[in-house]
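Structure assessment
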Amino acid sequence: MTPPAGSSATDEKDPAADLPAGTTPYYARMHKYIKRAVLVCLIALVIEGAFTLPFMAVWYGYPTLSLTEICSGLLKVRYSDDTLECKVPYPPLGPPEGAEGKDTARDEWGIQPVPKYDRIGFRELVRIHEESEARKAAQQQEDSAR
């Protein structure tokens, strides 16, 4: 069999020419599978992240509480300090999140910190928020009666 006109037997294509830089023909198939696996994992992480925040917001009481109130409630429980509030918008040169409440936390600090705050159940932040509002209202009534 003769080669087609205009080509010669020495014009064979180099198999490494089609591969990305740094990939040898021996590892080309493995690199293809690794690239696919990484892409699948990244897509799964994006989907998980997209669904995590809405479900967590509903778990903590979103329709009743705003996201800022949920954030403040979580700070209060985490650092055992009823004066902590989430700042929205956060000041650009402010302290790192949680730095101001770290000394009030009941956690055991060390190489591996051990949290000592109570776990928050389904919509429990709503109850905690309502109790806090009731205490504030009772305090205001007591102050105005004096």
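The rules we used
- In this convention, every chain numbers its residues from 1, walking through the sequence in written order.
- Given that this is a predicted model, residues contribute local features only at a pLDDT of at least 70 and side-chain atom pairs are listed and counted only at 80 or more, while totals for whole chains, interfaces and linings are drawn from all residues.
- Calculation of side-chain values draws on the structure's entire complement of heavy atoms; hydrogens and water are dropped beforehand.
- One side-chain nitrogen of Lys or Arg within 4 Å of one carboxyl oxygen of Asp or Glu is enough to make a salt bridge.
- The way it works is a 1 Å grid over only the protein atoms, where trapped points that fit a 1.4 Å probe form a cavity and open points with protein on both sides within 12 Å along at least five of seven lines form a pocket, and then any residue with an atom within 4 Å of a point lines it.
- Grid points are joined across faces, edges and corners, and a volume is the space filled by probe spheres set on the points.
- We call a set of buried residues a nonpolar core when its members are Ala, Val, Leu, Ile, Met, Phe, Trp, Tyr or Cys and they connect through side-chain atoms within 4.5 Å of each other.
- For every residue, the accessible area (1.4 Å probe, protein chains only) is compared with the maximum for its type, and the residue is labelled buried under 20%, exposed over 50%, or partly exposed between those bounds.
- Helix and strand assignments follow DSSP, with helices taken as H or I runs no shorter than four residues and strands as E runs no shorter than two, numbered in order from the N terminus.
- Whether two residues touch is decided by their heavy atoms; if any such pair falls within 4.5 Å, the residues are in contact.
- UniProt positions are given in the numbering used here, feature names are shortened, and annotations may be inferred rather than shown by experiment.
- In a helix, the anticipated span is given by 1.5 Å times the number of residues less one.
- For every residue, the predictor assigns a confidence score, pLDDT, that lies between 0 and 100.

**Regarding the pattern of salt bridges**
A complete count under the given rule lists five salt bridges for this structure. Salt bridges linked by common partners bring Glu124, Arg127 and Glu131 together as one network.

**So, the layout of surface pockets**
By volume, the largest pocket is sized at about 420 Å³. As for the largest pocket, its lining consists of 23 residues, and the residues nearest its centre are Gly73, Lys76, Val77, Asp82 and Ile128.

**Comments concerning the nonpolar core**
Formed by Tyr60, Leu65, Ile70, Val77, Ile120, Leu125 and Val126, the largest nonpolar core amounts to seven residues. The set of elements that each furnish at least two residues to this core consists of helix H2 (67-79) and helix H3 (124-145). Setting aside its immediate chain neighbours within four residues, Ile120 contacts Trp59, Tyr60, Leu74, Val77 and Leu125. Counting five residues, the second largest nonpolar core, distinct from the first, contains Leu75, Tyr79, Cys86 and Ala105.

**Here's the deal with the UniProt feature "transmembrane region" (unreviewed entry) in the chain**
Per the UniProt record, the feature "transmembrane region" (unreviewed entry) sits at residues 37-62. Secondary structure across residues 37-62 divides into 92% helix and 0% strand, with the first and last C-alpha atoms of the span separated by 35 Å.

**A word on H2**
One full turn of an α-helix is made of 3.6 residues, so residues set three or four places apart face in the same direction. Taking 1.5 Å of rise per residue, the 13 residues of H2 would be expected to cover 18 Å, and the 18 Å separating its terminal C-alpha atoms lies within 8% of that figure. Along H2, the residues classified as buried are Ile70, Ser72, Gly73, Leu75, Lys76, Val77 and Tyr79. Positive phi shows up at Ser80, right after H2, with a value of about 50°.

**Considerations on the confidence of the model for the chain**
Counting all residues, the mean pLDDT for the chain is 85, and 87% of those residues have values of 70 or more. In the model of the chain, H2 stands out as the element of lowest mean pLDDT, 90, in contrast to helix H1 (residues 28-60), which has the highest, 93.

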